[in-house]
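# Descriptive structure summary
So you can see what is in the structure, the chains are spelled out below.
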Amino acid sequence: MFAVFEKSMAKPPEELFVPADDPRPKTRAEIVEMFSSSRPESTVCNLPNGNFMAFSHQNENPLQPRSIVVLDDVFCIFVGSLENMCDLKRHYGLSRNTTEAMLMVEVYKVLRDRAPYPPDQVIRDLVGQFAFILYDVKYGNLLAARDRDGSIGFNWGTAKDGSLVFSDDPTNVSEACGVSCGPFPQGCFFMNGRGLASFVHPMYKVRAIKREDDEGQVSCVMFQVDLYARLPSIPRVGSNANWSSPTAVE
């Protein structure tokens, strides 16, 4: 899977960008063209404002399949599988033929529209090996997450124009972002308007660590939960507070 989102919408962590003079592609279109040329059978979804989500079965692990779905203007690419799918289908009142990607769209819609609980609690209910990217075209909401054990390879980075890049193939991200990239932290989720947070330890900060090579140059950017840095307590409010004043896309 592969996705590129503009800086003004996705607002990646500032620490994820490392200034460097290299031949990285400068635009989102150039980055997606690079991906498509290496995977001619891929499906590219053009989203508003020049954003992209792309999907391919190339080099897919049969034990960690990729799937894509588009429901009610919500796009979701899911990699892996959930061990508690039956329980989740019953909980959300879904049919037997519901896939993991379809489930995530329905879970997101409940969270967006009427959930009385925070997103970390929703994602914490997912049991299995997974990584996913979800984008709501109507409201401009972005949600991405990786399982608590980091069982699925999932990487992210910041392109030269500030765009946020996601992929389950580290080569895609490094080609697009140079050293401004690293593995997406396990047990964490990213929401535009909220940023990066841990669903395993939601009350603690997630900090950036820049890894250096033998010559002292930054080689990648890592993120991990700092169990010594507790976040201020925030009163729980309605589901509208889960997203930062979403505005419908014209």
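Scroll up to find the structure.
Right, let's walk through the structure included here. (Residues numbered from 1 in each chain as written. Predicted model: local features only at pLDDT ≥ 70, side-chain atom pairs only at ≥ 80, totals over all residues. Heavy atoms only, no water.)

## Observations regarding the packing of aromatic side chains
To keep things clear, this is the line we draw: Pairing of aromatic rings covers Phe, Tyr and Trp, the last counted by its six-membered ring, and requires centre-to-centre distances within 6.5 Å; plane angles under 30 degrees mean stacked, over 60 mean edge-to-face, and any other angle means tilted. Relative accessibility decides the category of a residue: with a 1.4 Å probe and only protein chains considered, values under 20% of the type maximum give buried, values over 50% give exposed, and everything between is partly exposed. Consider the ring centre and the ring normal. A charge sits over the ring if Lys NZ or Arg CZ is within 6 Å of that centre and within 35 degrees of that normal.
Tallying each qualifying case throughout the model produces 14 aromatic pairs. Ring centres of F130 and F132 lie 6.3 Å apart, and the angle between their planes is 25 degrees; on these two criteria the pair is classed as stacked. Summarising the burial analysis for this pair, F130 and F132 share the class buried. The rings of F5, Y135, F154, W156, F166, F184, F190 and F223 are connected pair by pair, giving a single aromatic cluster. Positioned above the aromatic ring of Y204, the side-chain terminus of R230 is 5.6 Å from the ring centre.

## Section: the nonpolar core
Selection criterion: As used in this record, nonpolar core signifies buried Ala, Val, Leu, Ile, Met, Phe, Trp, Tyr and Cys residues forming a set joined through side-chain atoms within 4.5 Å. Contact criterion: two residues are considered in contact whenever any of their non-hydrogen atoms come within 4.5 Å of each other.
Ranked by internal contacts, the top residues of the largest apolar core, which has 32 residues, are F5, M53, I133, L142, W156 and F166. Leave out the neighbours within four places in its chain, and F5 touches A10, R28, L47, N51, F52, M53, I133, Y135, L142, S163, L164 and F166.

## Describing the sheet that holds strand β2 (residues 43-46)
The pairing of strands in a sheet happens through backbone hydrogen bonds and is either parallel or antiparallel. We count it as follows: A pair of strands is labelled paired if DSSP reports no fewer than 2 bridges between them. Every helix listed is a DSSP run of H or I at least four residues long, and every strand listed is a run of E at least two residues long, numbered separately from the N terminus. Angles here are taken between N-to-C directions and fall from 0 to 180 degrees, while the axes themselves are lines fitted to C-alpha atoms, restricted in helices to the stretch in contact.
Spatially, the 6 strands line up as an open sheet ordered β2-β3-β1-β9-β8-β10, and their pairing is antiparallel. Of all the strands in the sheet, just β2 and β10 (181-183) have a single pairing partner and so form its edges. Recorded for the sheet is a direction-independent mean angle of 15 degrees between the axes of neighbouring strands. Two elements, strand β8 (residues 155-158) and β10, share 3 bridges in a ladder whose sense is antiparallel. Looking across to β10, one finds that N155 is bridged to P183. On top of the sheet, helix α2 (residues 28-38) reaches β1 (2-5), β2, β3 (52-55) and β9 (164-167); it is set at about 175 degrees to β1, its chief contact. Each of β1, β8, β9 and β10 touches helix α6 (residues 170-177); the most contacted strand, β8, lies at about 5 degrees to it.

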